[in-house]
Amino acid sequence: MESFSLAQARRVALGAQGLHRPRPGSADGSVDGGVTMRRAMATVERLNLLQIDSVNVLARAHLMPLYSRLGPYDVGLLDRASGRSPRRIVETWAHVASFVPAATYPLLEWRRRNYLDEAWGTIAGAPLAHAAEMDLVRQLVAERGPVTAREIHDELVATGRSGPRSREEWGWNWTMAKRCLEFLFFTGEVMSARRNPAFERCYDLPERVLPAAVRAQEPVPDDEAVRRLLELGARAHGVGTVRCFADYFRLRGPAVRRAQAELVEEGVLVPVEVRGWDERTYRHRDARVPRRAEARTLLSPFDPVVWERRRLEALFDVYYRIEIYVPGPQRVLGYYVLPFLEGDAITAFVDLKADRQAGVLRVQAVHPTVHAGPDTAAALGAELDVLAGWLGLGATGVAPVGELAPALADVVRAA
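Definitions and limits used
- Residues numbered from 1 in each chain as written.
- Predicted model: local features only at pLDDT ≥ 70, side-chain atom pairs only at ≥ 80, totals over all residues.
- Heavy atoms only, no water.
- Pairing = 2+ DSSP bridges.
- Helix = DSSP H or I, 4+ residues; strand = E, 2+ residues; numbered from the N terminus.
- Domains from an automatic or database assignment.
- Contact = heavy atoms within 4.5 Å.
- Buried area = accessible area lost by both parts, 1.4 Å probe.
- Salt bridge = Lys/Arg side-chain N within 4 Å of Asp/Glu carboxyl O.
- Polar contact = N/O pair within 3.5 Å; in protein donor to acceptor, adjacent residues only side chain to side chain.
- Axes fitted to C-alpha atoms, helices over the stretch in contact; angles between N-to-C directions.

The protein chain carries the name Winged helix-turn-helix domain-containing protein in an unreviewed UniProt entry, which gives Krasilnikoviella flava as its organism.

Next up, the structure:
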């Protein structure tokens, strides 16, 4: 059995994610055109998916993984890839709501079909709760798509099928139109043709969104789809446990165990020992051990490297949780905290906010990890300069919160 140290396993994981080399692109954050559509899509295919989240305190979640690996790039590339025909990436429920390569979409048909088990209550119960309205929503999408939930809601209100939206609730206070559309989206009866400037889905029929070559494919048997998705998760992680690989597409149940056994038998998953990781681990047969890891970059809270928190603790020896939903006084690291990757170590946690009105990248707090070195503040300061430039912000401001804040503030002032 192959045996790896934790340092070697980290390099395998970073290499699989394209995070072992210094990023290309400009050092001042300007978009210089060096990242082409081909290069951007190659990175998406390497990751297999980009998680979508509505929080926009810094940048949209799906935009950050490409920045972390490619440096400053034209975000319009992703808009074109997902919003113009032939679409290279499409939206579906994968890890959670995600962009995936169009070729991956058929592998998730079993999830769309099994919505009663795979979707949460608001979605799964929509056909019974809104049976009559569901048919009308289908008709409106067919006639008017691409169309937003807000536009469908206005039509239902105008025809007396729905009341005004309640303003008394908080959180995901969805209208009936939104619940119907999200059920149809989850099951694949409608798709997202694009996102509008307000980041609302514009719903349309699959035949007007999904590339013809993908629509023409034969259905993938459920077990084969799960096996292929587990293999994609293993390829993207490089090394890890079956739990890590299954979490990539949120796979569960007996089908995962069958897929694991088949992939091991076929030699796709190679059992390995990772010294210091007290779990059964595997290497994807195509994963390699880079000689060194030299990247310096910030990772989004929704980056694949940090999704599986137990994996992150085992490999990088850091404890990290997203605290968006934690009351302010109880937060330890901050609201929107990004791990700072320096070589093969996570050396700091940085709570960031893009103050677009003031044109300032605000460092709300910055905490070193046990792996921080004497040059971490300088390296982080340089990275923040690049990020601020990419976001179109003219300055960086450091609040006096966190042990690394004084050193980082000195670096920012000197720059």
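This is not the end of the story, as more comes after the structure.
A closer look at the sheet that holds strand S2 (residues 50-51)
As summarised here, the arrangement of the three strands in space is S2-S4-S3, forming an open sheet in which the pairing is antiparallel. Each edge of the open sheet is held by one strand with a lone partner, namely S2 and strand S3 (89-93). Two strands pair when backbone bridges link them, and S3 and strand S4 (residues 97-101) are joined in this way by five bridges, in the antiparallel orientation. Bridge pairing in S4 links glutamate 91 to phenylalanine 99.

A short note on the domain arrangement of the protein chain
Splitting the protein chain by domain gives domain 1 (2-102 + 223-283), domain 2 (119-210) and domain 3 (318-414). Computed from C-alpha coordinates alone, the two centres of domain 1 and domain 3 are separated by 24 Å. In this assembly, 21 residues from domain 1 lie in contact with 19 residues from domain 3. Where domain 1 abuts domain 3, roughly 1700 Å² becomes buried across the two surfaces, and 64% of that area is made up of carbon and sulfur atoms. It is Val57, Leu58 and Tyr67 that lose the most area in domain 1 upon contact with domain 3, and together they represent 40% of the buried surface on that side. Here domain 1 and domain 3 share two salt bridges between them. One salt bridge connects arginine 10 with aspartate 344, and the closest N-O pair in it is separated by 3.6 Å. In this assembly, domain 1 and domain 3 are joined by eight residue pairs in polar contact (both at pLDDT 80 or more). Counting only elements with at least two residues in the side of domain 1 that touches domain 3, the list comes to helix H1 (6-16) and helix H3 (64-70).

A short note on the sheet that holds strand S12 (residues 345-355)
One open sheet accounts for five strands, arranged S10-S11-S12-S13-S14; its pairing is mixed. The sheet terminates laterally at strand S10 (296-298) and strand S14 (395-398), the two strands that pair on one side only. On average, adjacent strands in this sheet sit at an angle of 30° to one another, irrespective of strand direction. Here eight bridges tie S12 to strand S13 (residues 360-368), and the two strands are oriented antiparallel to one another. Paired with alanine 354 across the strands is leucine 361, a residue of S13. Packed onto the sheet, helix H18 (residues 405-414) meets S13 and S14 and runs at close to 155° relative to S14.

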